[in-house]
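# Secondary and tertiary structure notes
Now for the letters of each chain:
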Amino acid sequence: MLGLLGFYDELDKHPGQPNGSIHDAVRPVGEPDETDLVAYLDAGHVLLDVMEGGCDIITGNPHRHGLGCSSPVTDGTWLWRLDTPHYLETHHVLLPEAFLEHVRGLNYRMPALVTEQFAPRYNATMPLIGWASAVPWQSTEAVREPEPRVVTSKAEFDAAVLAQARNRPHGHWSKPRKPRRR
């Protein structure tokens, strides 16, 4: 089975998610290597693209991982949601020590997925997070190398949101309508 990260009660309609409440995981400061951990999570293999949008469950604000936020992502040993890096860099959520050791042992480099090793773990794990329809793992590749993805940084996203707010004129967006004649 795959280890699970970021599957919190507040991010799903059904309570009792594997990682409990996100409020119990929030910390005032993160790991010293948090930037490297975020980059590692951002580089993961996206398994399924979910067409949805979401906001930060704690603040209600939009964030850089809002589109497809519940898409499952993996490194072949661990499975997480696409928005897990957001919660790590913004709220410094607690990560399992085994995950931290795993990533540090890989020197923050995303490994390739070896289908023969990954498929049984994937098939055992996906039903636990409500994705039974995604089983069994199907791949024509024996080894799936990590593909570089363009990921907007938090600073770039925040700057774009601020610029958009500045460029929006104040006042009414439409003229009042004239009453209809009968």
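Structure shown above.
Residues numbered from 1 in each chain as written. Predicted model: local features only at pLDDT ≥ 70, side-chain atom pairs only at ≥ 80, totals over all residues. Heavy atoms only, no water.

### A short note on the layout of surface pockets
The computed volume of the largest pocket comes to approximately 320 Å³. Along its surface, the largest pocket is lined by 20 residues, and Arg64, His65, Leu67, Leu82 and Arg149 are the ones closest to its centre. Looking at the lining of the largest pocket, the elements that each hand over two or more residues are helix H1 (34–42), strand E4 (62–67) and strand E6 (78–81). Ranked by residues supplied to the lining of the largest pocket, first place goes to E4 with 5 residues. When its residues are assigned to classes, the lining of the largest pocket shows 10 nonpolar, 5 polar and 5 charged. In this structure, the second largest pocket encloses a volume near 270 Å³. Sorting elements by how many residues they give to the lining of the second largest pocket places strand E3 (residues 53–55) first, with 3 residues. Grouping the amino acids of the lining of the second largest pocket by side-chain chemistry returns 9 nonpolar, 5 polar and 5 charged. (1 Å grid on protein atoms, 1.4 Å probe; cavity = no way out; pocket = protein on both sides within 12 Å on 5 of 7 lines; lining within 4 Å. Points joined across faces, edges and corners; volume = space filled by probe spheres on them. Helix = DSSP H or I, 4+ residues; strand = E, 2+ residues; numbered from the N terminus. Nonpolar A, V, L, I, M, F, W, Y, C, P; charged D, E, K, R; others polar.)

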